[in-house]
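Structural overview for review
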Amino acid sequence: MNLKSVHLKRRLLLSALALTMTGALPGLASAADTIAIITPSHDNPFFKAEADGAAAKAKELGYDTMVLVHDDDANKQSELFDSAIAAGVKAIILDNAGADASVAAVQKAKDAGIPSFLIDREITASGVAVSQIVSNNYQGAQLGAEEFVKLMGEKGKFAELLGKESDTNAGIRSSGYHDVIGQYPDLEMVAQQTANWSQTEAYTVMESILQAHPDIMGVISGNDTMAMGAYAALEAAGRKDVIVVGFDGSNDVRDSIQKGGIKATVLQPAYDQAQMAVTQADQYIKTGSTGVDEKQLMDCVLINGDNAAKLETFALSN
């Protein structure tokens, strides 16, 4: 590639980046005052709430934003990091595309002098990101499992829907569920299968589980999106009697709870978590320190018929 082509490619890249910047002035004059927000697909309301919360706080603090989506693709995530680094952003807020696969991208940003602030999912390295702010998934899973056990009357056959294997949260939540449910010998798990956090996939998986185990009485799910898919399949099969419990605290599951469908979920505060990350990024940009530890846990809250009405966009009102 000749020098002219290199310059042209760089101009095209910078022009494309300018178009992705929310609230930015024409060109990249304000790139130094921009925070990049990189999450999985906004098709999942949880990740959209993260992006919205981070963007709102960044705007409040006087930053422009570059809002990007990696679709749980580590290679795409790496390319987005390259774009953010090329734009000279001040910081990156990240819900990552894999605990192991994301370390290199975060290190790449650090080497370029750009700090990363992780939310929702940890990476398998310390000292690379400035902050890793995650929900206490184990504590939350135990809350959900305790409610599930109570709703099941401490007995019956059940299935578990698992999240993506590459996501550490999937394993942590499953462990939390089983550390509680395992104490009740009359609760029998007859199926355990991943649906990769997907509503569509959960629907298909639930159909298969129902065919193999028509006497199933409960489903505990690694997230609300899969819980919605499972409940839709159960409803289509005329099995509204099956207890379904999710995890996330989405508005969709809130509405289902209020209608007597899904019975419970566990709220992890996506919006507040993202805002906390931006606040820490702002402090780090201005002072060189967040004043807190890198690893930070936020407790989860059980949502059921008693408090579902107070839930709105992954936040619980008083």
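The model shown is predicted, which means the values in this text are computed figures rather than measured ones. (Residues numbered from 1 in each chain as written. Predicted model: local features only at pLDDT ≥ 70, side-chain atom pairs only at ≥ 80, totals over all residues. Heavy atoms only, no water.)

Time to look at the overall build of the chain. Looking only at helices and strands, one finds 10 helices and 13 strands in the chain. For the chain, buried positions account for 50% of its 318 residues. For the chain, restricting intrachain contacts to residue pairs at least 6 apart in sequence, the fraction spanning at least 24 positions comes to 73%. Roughly 13,700 Å² of accessible area belongs to the chain as shown, and the carbon and sulfur atoms make up 51% of that amount. (Helix = DSSP H or I, 4+ residues; strand = E, 2+ residues; numbered from the N terminus. Buried < 20%, exposed > 50% of the residue type's maximum accessible area, 1.4 Å probe, protein only. Contact = heavy atoms within 4.5 Å. Areas by Shrake-Rupley, 256 points an atom, 1.4 Å probe, with all protein chains shown as cover.)

So, on to the side chain of Thr290. The residue Thr290 is located in the loop between α10 (270-287) and β12 (295-298) in this model. We classify Thr290 as buried; its relative accessible area is 9%. For Thr290, the side chain forms a polar contact with the main-chain oxygen of Val292, separated by 3.2 Å. Setting aside its immediate chain neighbours within four residues, Thr290 contacts Phe117, Val130, Ser131, Gln280, Gln283 and Tyr284. (Polar contact = N/O pair within 3.5 Å; in protein donor to acceptor, adjacent residues only side chain to side chain.)

With that out of the way, let us pick up the sheet that holds strand β9 (residues 218-221). If you walk across this open sheet you meet the 4 strands as β8-β7-β9-β10, and the pairing is parallel. The strands lining the two open edges of the sheet, one partner per strand, are β8 (187-194) and β10 (243-245). Neighbour-to-neighbour, the strand axes of the sheet open up by a mean angle of 20°, direction not taken into account. By the bridge criterion, 3 bridges tie β9 to β10 in an arrangement that is parallel. Residue pairing across strands places Ile220 opposite Val245, the latter belonging to β10. Helix-sheet contacts for helix α6 (residues 168-181) involve β7 (156-162), β8 and β9, and the interaxial angle to β7 is about 165°. (Pairing = 2+ DSSP bridges. Axes fitted to C-alpha atoms, helices over the stretch in contact; angles between N-to-C directions.)

Moving on to the packing of helix α2 (residues 45-60) against α10. Viewed as axis vectors pointing N to C, α2 and α10 meet at an angle of 40°, and their least axial separation amounts to 7 Å. Of the two possible hands of crossing, α2 and α10 adopt the one that is right-handed. Taking contact as the criterion, the partners of Phe46, Ala49, Glu50, Asp52, Gly53, Ala54, Ala56, Lys57 and Ala58 in α2 are, on α10, Ala270, Tyr271, Ala274, Gln275, Val278 and Thr279. Residues of the contact of α2 with α10, tallied by class, amount to 9 nonpolar, 3 polar and 3 charged. (Left-handed = near helix turned anticlockwise from the far one by under 90°. Nonpolar A, V, L, I, M, F, W, Y, C, P; charged D, E, K, R; others polar.)

Turning to the nonpolar core, a few remarks are in order. The biggest cluster of nonpolar side chains holds 34 residues, and the ones touching the most others in it are Leu161, Met206, Ile209, Ile216, Val219, Leu234 and Val244. Counting residues per element, the ones that place at least two in this core are α2, β7, β8, α7 (199-212), α8 (224-236) and α9 (251-258). The element best represented in this core is α8, accounting for 6 residues. Setting aside residues no more than four positions away along its own chain, Met206 makes contact with Ile216, Val219, Ala230, Ala233 and Leu234. Core analysis: the second largest hydrophobic core is formed by 21 residues, Ala36, Ala87, Val89 and Ile92 among them. (Core = buried A, V, L, I, M, F, W, Y, C linked by side-chain atoms within 4.5 Å.)

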